[in-house]
Amino acid sequence: MQGFSTRALHAGQEADPSTGAVVTPIYQVSTYKQDGVGGLRTGLGTGYEYSRSGNPTRTALEEQLASLEQGAAAFAFASGLAAEDAILRALLKPGDHVVIPNDAYGGTYRLVKQVAEPWGVEHSPADLADLDAVRAAIRPGRTRLVWLETPTNPLLTVGDIAAIAAIAHEAGALLVVDNTFATPYLQTPLTLGADLVVHSTTKYAGGHSDVVGGAVVVRDGDDGRGNSLAERIGFHQNAMGAVPGPFDAWLVQRGLKTLAVRMERHCDNAEKVVAFLEQHPRVTAILYPGRPEHRNHDVAARQMKRFGGMISFRTASAEDALQVCKGTQLFTLAESLGGVESLVEHPGKMTHASVAGSLLEVPDDLVRLSVGLEDADDLIADLDRALR
């Protein structure tokens, strides 16, 4: 197999057959002239009839994603939550049960709690860093999915993908891994036993804070009910229609080409910021998988290439956390993450407000950083001012 950066630059990126353009064109088109009645237009890879069902720019992105995650097939969506919704609808039915992280992303919890639960799907939050807790949360004969984020958003909890895959499979369930924080450059869950990988491609995949998108990548094989995983997700992608437009697909495709070099800089900068925070008297705790003290650091070291660009830290009080968020200049106060610029947020009042009052509520003294590509010394000086 070719290296990651080679695949990022070349998978799905063949030169345009008509012009020789080395960059995939943006096929800004809704419909295609057919080769005959009931016959798909050929000559652009797969057959095309209507851009909800397929678009050459989107196909190029999906081939790129499948190669980077080492999966059998990939499917692009209009957002990360649209991708998650497709998984839930494609693989579950009323009466099924899902295990979710007890510190899952707020949007995932909202989708499971307020959309899937009224449909008849039950869920149990569990500490997915604790394998015994995972086993205890599974309901024999009913649990169909174990949903893992690693690292989690925003507490950076690390779950053992291979071990949880074995537990899920023994119970007849599938393992879904949200790989948004790590990206396929830092870890490839499908090679560790996961069945599906989900991404918000808005984040590191796109990488420039200029696109919203999502993706699902699947292994080869069936869903445990005799249906092809790829066919189930592909059917729901088309039937529900939550697909990205061609320009959005092109932006994510462009972002993935530089993912490797960007992630190296994100990781370099994050490590320097962590070293600064470790010495600061107003920081009471640091959550970063690269620290030897971090829970399951040994697991992260085993299944990740490096430890990523996301850092969370705690302060003495909620007021202190809010003051830090208000006091930065280079770290922009904003939701989202994974872009070239550094961002700061207060999860309890921003991205995770939807879990307030639930078992997934996050500490109100928590600050989350998405460390960007600026000069590390400037980022540290900015945090130093804010912490003062």
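Within each chain, residue numbers correspond to sequence positions counted from 1 in written order. Reporting of local features is limited, given that this is a predicted model, to residues whose pLDDT is at least 70; pairs of side-chain atoms are given and counted only at 80 or more, and all residues count toward the totals for whole chains, interfaces and linings. Water and hydrogen atoms were dropped before computing side-chain values, which therefore reflect all heavy atoms in the structure.

A.B. asks: So, the pairing of strand β2 (residues 97-101): which residues are in play, and what are the values?
C.D. replies: β2 sits mainly inside the fold: 5 of its 5 residues count as buried. Where β2 lies against strand β3 (residues 122-126), 5 bridges are found, and the strand directions are parallel. Looking across to β3, one finds that P101 is bridged to A126. Note on pairing: two strands pair once DSSP finds at least 2 bridges between them. Here a strand is any run of E in DSSP of at least two residues, a helix any run of H or I of at least four, and the numbering for each starts at the N terminus. Here 3 bridges tie β2 to strand β4 (residues 143-149), and the two strands are oriented parallel to one another. Following the sheet pairing, H97 is matched in β4 by T143. Residue burial is assigned from relative accessible area. The probe radius is 1.4 Å, only protein chains are included, and a residue is buried under 20% of its type maximum, exposed over 50%, and partly exposed in between.

A.B. asks: Residue-level account of the pattern of salt bridges, with values.
C.D. replies: Salt bridges, as used here, are contacts in which a Lys or Arg side-chain nitrogen is within 4 Å of a carboxyl oxygen on Asp or Glu. Summed over the entire model, instances satisfying the criterion amount to 22 salt bridges. Between D127 and R295 there is a salt bridge; the shortest N-O distance is 2.7 Å. Of this pair, D127 sits in the loop between β3 and α5 (131-137) while R295 sits in the loop between β8 (285-287) and α11 (297-303), and the two are 168 residues apart along the sequence. The salt bridge involving R306 is made with D268; its shortest N-O contact spans 2.8 Å. Placement of the pair is R306 in the loop between α11 and β9 (310-314) and D268 in helix α10 (residues 259-278), with a sequence separation of 38 residues. Assessed through its relative accessible area of 16%, R306 is described here as buried. By relative accessible area, which is 31% here, D268 ends up partly exposed.

A.B. asks: Can you tell me about the sheet that holds β9, naming the residues and giving the values?
C.D. replies: A sheet is described by the order of its strands in space; here 5 strands give the open sequence β8-β9-β12-β11-β10, paired in mixed fashion. In the strand order of this sheet, the two ends are held by β8 and β10 (332-333), each with one partner. The sheet strands contacting α10 are β8, β9 and β12 (366-370), and the helix crosses β9 at an angle near 10 degrees. In what follows, a contact means two residues having at least one pair of non-hydrogen atoms within 4.5 Å. Angles here are taken between N-to-C directions and fall from 0 to 180 degrees, while the axes themselves are lines fitted to C-alpha atoms, restricted in helices to the stretch in contact.

A.B. asks: Now, about the packing of helix α3 (residues 80-91) against helix α8 (residues 229-240): what can you tell me, with residues and values included?
C.D. replies: Contact geometry for α3 and α8: axes closest at 9 Å, N-to-C directions at 115 degrees. As for the relative orientation of α3 and α8, their crossing is right-handed in sense. Contacts between α3 and α8 pair D85, A86, I87, R89, A90 and L91 from the former with L229, R232, I233, H236 and M240 from the latter. Charged means Asp, Glu, Lys or Arg here, nonpolar means Ala, Val, Leu, Ile, Met, Phe, Trp, Tyr, Cys or Pro, and polar covers whatever is left, Gly included. Of the residues contributing to the contact of α3 with α8, the split by class is 7 nonpolar, 1 polar and 3 charged. Should the near helix be turned anticlockwise from the far one by less than a right angle, the crossing is termed left-handed; should it be turned clockwise, right-handed.

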